Amino acid sequence: MKVVILGGGESGVGAAILAKTKGLEVFLSDKGEIKENYKQILLENDIEFEEKNHNEERILAADWVIKSPGVPKKAEMVQKIKAKGIRLSSEIEFGAEFTNAKIIAITGSNGKTTTTSLIYHILKNDNLNVGLGGNIGKSFALQVAQENYDYYALEVSSFQLDDIQKFRPYISLLLNLSPDHLDQYNYNYEEYALAKFRIAENQENDNYFIYNKDDEMSQKLLQELDLRVKQIPFSMKEKLEEGGYTEEEKIVVKLHDEFSMKIEDLSLMGTHNVANSLAASIASKLLNISNESIRNSLMTFQAVEHRLEGVAEINGVKFINDSKATNVNATYYALESMKTPTVWIVGGTDKGNDYTEIEDLVKRKVKAIICLGLDNTKIIDFFKDKKQIIIDTSSMEDAVKAAKSIAEKGDTVLLSPCCASFDLFNSYEHRGQLFKEEVLKNN
């Protein structure tokens with residue numbers, strides 16, 4: 001079988017190694033430049049590749065093409081592959097074909113990384129043999145090639161789900177839905193939401209689908225879709241006969257038995273993380289992990305880097321790094337979880353943001369806005385009549401300096417940008433890292 005991999009990053013190189021391990025004829029093609037470390041891995045494993053080019057003839061002679069999530073589905077080469085009827089899969093589809101491990105797959109517009117990491121932490125803490133992959137950490141396909149895990153916690157994006165055929169997780173989770181990446185879905189929210197729901201389309205009645213009962217779009221599509229999987233809801237608003245909910249400052253999960261713990265004992269801060277903890281607890285109960293073990297893990301889990309990550313407390317001021325908040329909805333959750341007057345650092349590459357969603361929270365919780373970006377006009381125009389202190393900066397150093405000069409004892413400085421990072425930084429990780437460095441400078 002001839003396998004062609006499109007994209008020479010983490011997921012593409014991992015898929016190439018898995019293909020080689022399984023004795024398939026493999027060729028990797030990247031239209032851009034392949035990073036030196038990945039090139040080295042391909043050479044060491046004797047995998048043929050090309051960069052800065054797509055050899056159309058060779059690609060279209062494939063039996064199976066594995067597409068990295070970073071390759072746009074509207075790309076010309078992708079269209080040609082589809083037109084020719086060649087099987088086109090994502091790395092998660094490819095990896096899943098070669099493992100019998102139980103897969104717990106997590107998707108949603110926000111909270112995926114945190115919830116995936118939390119489920120991985122719970123399973124590992126219970127001494128289960130588990131791998132972490134998908135949109136996070138090491139390539140899933142690479143782990144299938146080199147490890148022998150019994151379970152995988154996989155963070156799965158809509159782009160990965162666009163290219164599945166048989167992918168069937170044992171447990172799937174859809175945490176929430178809000179408009180994101182709409183430029184890839186014809187600016188149609190329902191089309192994007194349906195891509196997320198593909199996580200459950202191949203599941204059968206011996207599998208489980210955990211979903212958010214408070215989410216309007218999820219509720220709407222569940223009534224329209226014909227899913228065979230066993231559905232288990234969680235809610236922050238109502239008590240459920242089966243599933244997870246909150247009651248009297250506790251989280252409660254009712255399945256074959258009952259699990260509960262105080263919200264104040266959860267290690268993660270913020271209302272959205274109560275929902276994430278509920279979803280993770282349901283998945284854990286379905287895997288027969290004991291109440292005591294789940295409770296212990298929920299108390300000891302450390303927040304994901306760049307996601308409401310506590311950086312330091314300096315002179316009574318808390319500094320929180322939420323650089324991963326690249327859309328308005330993610331920042332909504334961050335602001336909602338603030339308990340003290342907040343100096344908010346916001347800005348970057350705008351993805352068509354509508355700030356009305358957070359207007360009320362900003363009025364109530366934010367004492368000053370520090371804009372950080374090459375062009376902050378949209379943010380300034382929106383908030384200028386709503387907040388007295390708005391400062392315009394175009395470097396992390398200036399933004400943190402301004403925040404430190406305004407924040408007083410008992411305040412919080414929150415980096416939660418609402419925007420992509422590419423105007424001033426390489427990535428949201430780079431942005432978060434620089435924030436941490438500037439906060440800790442001269443202390």
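Our structure is the block above this text.
Since we're looking at a predicted model, the values are computed, not measured.

Undergrad: Where do I start with the sheet that holds strand β20 (residues 412-415) in this structure?
TA: Paired through their backbone hydrogen bonds, the strands of a sheet run either parallel or antiparallel. The mixed open sheet is built from six strands, whose spatial order is β15-β16-β20-β17-β18-β19. Two strands in the sheet have a free side with no partner beyond their single neighbour: β15 (309-314) and β19 (390-393). Averaged over all pairs of adjacent strands, the angle between strand axes in this sheet comes to 20 degrees, irrespective of strand direction. Strand direction decides the pairing type here: strand β17 (residues 342-346) and β20, joined by four bridges, are parallel.

Undergrad: Looking at this structure, how should I read the layout of surface pockets?
TA: Once rolled over the atoms, a probe with the size of a water molecule shows which space is left empty. Volume-wise, the second largest pocket comes out at about 680 Å³. Of all elements in the fold, only α10 (216-224), α11 (271-286) and α13 (328-336) reach the threshold of two or more residues within the lining of the second largest pocket. Taken together, the residues of the lining of the second largest pocket sort by class into ten nonpolar, ten polar and six charged.

Undergrad: Whenever I open this one, the packing of helix α1 (residues 10-21) against helix α2 (residues 36-44) confuses me. Can you help?
TA: Geometrically, a packed helix pair is captured by the angle between its two axes and the distance between the axes. At a minimum axis distance of 11 Å, the contact between α1 and α2 shows a crossing angle of 5 degrees. As judged from the angle between their axes, α1 and α2 are roughly parallel. Side by side, α1 and α2 meet where Glu-10, Val-13, Ala-16 and Ile-17 of the first sit next to Tyr-38, Ile-41 and Leu-42 of the second. Its residues assigned to classes, the contact of α1 with α2 comprises six nonpolar, no polar and one charged.

Undergrad: Looking at this structure, I do not really get the environment of Ala-403. What am I missing?
TA: For Ala-403, the location among the structural elements is in helix α16 (residues 396-406). Its relative accessible area of 0% is what places Ala-403 among the buried residues. Distance in space between the C-alpha atoms of Ala-403 and Ile-345 is 7.8 Å, their sequence separation being 58 residues. Not counting residues within four places of it along the chain, the set of residues in contact with Ala-403 comprises Val-343, Ile-345, Ile-370 and Val-413.

Undergrad: Quick question: what am I supposed to make of the pairing of strand β1 (residues 2-6) here?
TA: Every other side chain in a regular strand lies on the same face of the sheet, so the side chains alternate between the two faces. Counting buried positions along β1 gives four out of five residues, so the element sits mostly inside the fold. Note that β1 and strand β2 (residues 25-30) share five bridges and pair parallel. Opposite Val-4, over in β2, you have Phe-27 as the bridge partner. Where the polypeptide runs from β1 across α1 and back to β2, its parallel neighbour, the crossover connection is right-handed. Pairing of β1 with strand β4 (residues 64-67), which is carried by four bridges, proceeds in the parallel orientation. Directly across from Leu-6, in β4, lies its bridge partner Lys-67.

Undergrad: Explanation requested: the pattern of salt bridges in the structure shown.
TA: A side chain of one charge can pair with a side chain of the opposite charge if their charged atoms are brought near each other. A complete count under the given rule lists 30 salt bridges for this structure. Close ionic contact of Lys-39 with Glu-51 constitutes a salt bridge, the shortest N to O distance being 2.8 Å. Of this pair, Lys-39 sits in helix α2 while Glu-51 is found in strand β3 (residues 48-51), placing the two residues twelve residues apart along the sequence. On the basis of relative accessibility, which here comes to 14%, the residue Lys-39 falls in the buried class. The salt bridge involving Asp-381 is made with Lys-384; its shortest N-O contact spans 3.8 Å.

Analysis parameters
- The residue numbering used here restarts from 1 in each chain and proceeds along that chain's sequence as written.
- Under the rules for a predicted model, residues below a pLDDT of 70 receive no local features and side-chain atom pairs below 80 are neither given nor counted, while totals for whole chains, interfaces and linings still include all residues.
- Side-chain descriptors were evaluated using all non-hydrogen atoms of the structure, hydrogens and water having been removed beforehand.
- Only strands that DSSP links by at least two bridges are regarded as paired with each other.
- Working definition: helices are DSSP H or I runs of at least four residues, strands are E runs of at least two. Numbering for both runs from the N terminus.
- In this description, a line fitted to the C-alpha atoms serves as the axis of each element, helices being fitted only across the stretch in contact, and the angle between N-to-C directions of two axes falls anywhere from 0 to 180 degrees.
- Every definition here rests on a 1 Å grid over the protein atoms only: cavities are sets of points where a 1.4 Å probe fits but cannot get out, pockets are open sets enclosed by protein on both sides within 12 Å along at least five of seven lines, and lining residues have some atom within 4 Å of a point.
- Grid points are joined across faces, edges and corners, and a volume is the space filled by probe spheres set on the points.
- When residues are grouped by polarity, Ala, Val, Leu, Ile, Met, Phe, Trp, Tyr, Cys and Pro land in nonpolar, Asp, Glu, Lys and Arg in charged, and all others, Gly among them, in polar.
- Here the angle decides the label: under 35 degrees means roughly parallel, over 145 means roughly antiparallel, 65 to 115 means roughly perpendicular, and every other value means oblique.
- Two residues form a contact once any of their heavy atoms are found within 4.5 Å.
- Exposure is judged per residue with a 1.4 Å probe applied to protein chains only, and the accessible area is read against the type maximum: over 50% gives exposed, under 20% gives buried, and values in between give partly exposed.
- With strands facing away from the observer, any crossover in which the path from the first strand over the helix to the second runs clockwise is taken as right-handed.
- One side-chain nitrogen of Lys or Arg within 4 Å of one carboxyl oxygen of Asp or Glu is enough to make a salt bridge.

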